[in-house]
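# Architecture and fold: a report
Residues per chain are reported as follows:
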Amino acid sequence: MKLVIINYGAGNIKSIQFAFKRLGVDAILSNNPETIRAADKIIFPGVGEARSAMRMLKESGLDKIIPTLKQPVLGICLGMQLLCKYTEEGDTKGIGVFNTAVKRFSNVVKVPQMGWNVINNLKSDLFKGVKENEYMYLVHSYYAEHCDETIAKTDYGVNYASALQHNNFYGVQFHPEKSSTAGARILQNFLNL
Amino acid sequence: MLTKRIIPCLDIKNGRTVKGVNFIDLRDAGDPVELAKQYANQGADELVFLDISATLEGRGTTLDMVLRVAEQVNIPFTVGGGISSVEHVDALLQCGADKVSINSSAVKRPELVNELSNKFGSQCVVVAIDAKQINGQWKVHLAGGSIPTEIDLFEWAKEVETRGAGEILFTSMDHDGTKNGFANEALSKLSETLNIPIIASGGAGSVQHFIDTFEEGKSDAALAASVFHFGEIPVPKLKEALKKNNISVRL
């Protein structure tokens, strides 16, 4: 199993790397297109601000490479949001794999959403063995609107897509690497795809 | 529904836990990683490590500890204590910390909050505020509560929110160590004035105190140390009790 975590300078990559290590898989950190293309599975992480993260992707040309990947790709948090068409954060055009837009939570709720919330309406092998309304750890101020590609839903002032899937592309808004044993199960499921 | 969080806080000196910790089933109660794993298994939602090392060497060992915690613990954690530069935060995040908390350094140089949230995102910037009441006014205190300032708690909290803090960790020096309950009046005022999550700290002594801070104090999370470390309030029992009182928790 050759697992590559795309390393473009955005986010807490160590935690993801360690989470896979706990599952017995040593992930490779790389921003090299050849290495990424040669992987069996790819993680597209992201923490921080959308506009600067997108700029870093463009500088390394990864924005063009990512949508052409054929193997399973898992976008996490901002990684998932950048795979969408557009995000209100910094008025940023995304990679556009997922056919939906990302909006800011309204101020009827505290922003960022920070902590454990449930995911339900689970529709994907990614959630095999994960029960409906399982708790996941989330930290975000922007959310993806529902579309045909929604594979998990969460409520926070609004009901939104906490996971998306389009062909070989998967995205989760929550942090499976920080979501206890249920999160580890999802990462294992991704490895098993 | 987003749940209320229960956060054990561990004081760290030279890479080891300090204060007595009375945990059974621990090979080494002084090892922060062992303790952290235990808390994660018990259902703690997050952890806070407060570095109280006085020396540079002592602080160096914290980075190594952060790395080991990130390696072995599968819930989020915050590191605080003596953090005053972007470089220091960068190193902690690189080692796998999810958030950092800053306190006195933000009061001395408020721009630090902007710098950190611009560079790393507000989600990882916790501003810790120690305050106590002087003539009926909540005043911010520095250096672990020992140095009073003229700064008003609520104004300061609002300012750090504007500057990009993602969360406030408010410790009432009037309540800390008393085991008489959290400062719920001030906490609920903070929660109503601000639109970022508020962590209550200082005063936990009973299960009822946690219920009160979530209901009356409108807190988003509650932090405590000794009641957890000495097994006075086991985390699973606390969460069961909160659930019975219709407070949303992760079980």
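Since the model is a prediction, treat every value here as computed from it, not as a measurement. (Residues numbered from 1 in each chain as written. Chains lettered and ligands numbered in written order. Predicted model: local features only at pLDDT ≥ 70, side-chain atom pairs only at ≥ 80, totals over all residues. Heavy atoms only, no water.)

Below, the discussion takes up the overall build of chain A. For chain A, the helix and strand inventory stands at 6 helices and 13 strands. Here chain A has a C-alpha radius of gyration of 15 Å; the compact-globule value for 193 residues is 16 Å, and the two agree. Expressed along its principal axes, the backbone C-alpha trace of chain A runs to roughly 45 × 35 × 30 Å. Counting the 193 residues in chain A, one finds 61% classified as buried. Of the roughly 7300 Å² of accessible surface on chain A, a fraction of 45% belongs to carbon and sulfur atoms. Counting 22 positive and 17 negative side-chain charges, chain A places the averaged centre of each group 3 Å from the other. (Helix = DSSP H or I, 4+ residues; strand = E, 2+ residues; numbered from the N terminus. Rg over C-alpha atoms; globule rule 2.2 N^0.38 Å. Buried < 20%, exposed > 50% of the residue type's maximum accessible area, 1.4 Å probe, protein only. Areas by Shrake-Rupley, 256 points an atom, 1.4 Å probe, with all protein chains shown as cover. Lys, Arg positive; Asp, Glu negative; His and termini not counted. Charge placed at Lys NZ, Arg CZ, Asp CG, Glu CD.)

Okay, the overall build of chain B next. Of regular secondary structure, chain B possesses 10 helices and 11 strands. At 17 Å, chain B has a C-alpha radius of gyration in line with the 18 Å of a compact globule built from 251 residues. C-alpha extents for chain B along the principal axes are approximately 45 × 45 × 35 Å. Looking at chain B as a whole, 60% of its 251 residues qualify as buried.

This next bit is on helix α7 (residues 184-193) of chain B. Buried within α7(B) are the following residues: B:N184, B:A186, B:L187, B:S188, B:L190 and B:S191. Buried positions along α7(B) lie against β7 (137-142), α6 (153-163), β9 (167-172), β10 (198-201) and α8 (207-215) of chain B. (Contact = heavy atoms within 4.5 Å.)

What follows covers helix α6 (residues 180-192) of chain A. An ideal rise of 1.5 Å per residue puts 18 Å on 13 residues; α6(A) measures up with 19 Å between its terminal C-alpha atoms. Here α6(A) has its buried residues at A:S180, A:A182, A:G183, A:I186, A:L187, A:N189, A:F190 and A:L191. (Expected span 1.5 Å × (residues − 1).)

Residue and element names in this part refer to chain A. The alternating pattern of strand β4 (residues 73-76) places V73 and G75 and L74 and I76 on opposite faces, both of which are buried. With 3 bridges connecting them, strand β3 (residues 41-44) and β4 associate as parallel partners. If you follow I42 over to β4, its bridge partner there is V73. As judged from the 4 bridges shared by β4 and strand β13 (residues 169-172), these two strands associate in the parallel manner. In the strand pairing of β13, G75 is matched with G171. (Pairing = 2+ DSSP bridges.)

Let us look at the interface of chain A and chain B. With 28 residues of chain A at the contact, the number on the chain B side is 38 residues. For the pair chain A and chain B, the two sides together bury roughly 2600 Å², of which 52% comes from carbon and sulfur. The largest contributions to the chain A side of the interface with chain B come from A:K110, A:M114 and A:W116, which together make up 30% of the buried area. Inspection of the region where chain A meets chain B yields 3 salt bridges. Taken together, the connections running from chain A to chain B amount to 16 residue pairs in polar contact (both at pLDDT 80 or more). Elements supplying a minimum of two residues to the side of chain A that touches chain B: α1 (13-22), β8 (113-119), β9 (134-140) and α6 of chain A. Ranked by the residues each element gives to the side of chain A that touches chain B, the list is headed by β8(A), at 6 residues. Among the residues forming the side of chain A that touches chain B, the class breakdown is 12 nonpolar, 10 polar and 6 charged. (Buried area = accessible area lost by both parts, 1.4 Å probe. Salt bridge = Lys/Arg side-chain N within 4 Å of Asp/Glu carboxyl O. Polar contact = N/O pair within 3.5 Å; in protein donor to acceptor, adjacent residues only side chain to side chain. Nonpolar A, V, L, I, M, F, W, Y, C, P; charged D, E, K, R; others polar.)

All names here are of chain B. With respect to the helices, strands and loops of the structure, D212 is situated in helix α8. Lacking a salt bridge, the buried D212 has K218 as its closest oppositely charged neighbour, with an N-O distance of 12 Å. Those residues in contact with D212 that lie beyond four places of it in its chain are N184 and G217.

Any functional reading would require information beyond the geometric quantities listed.
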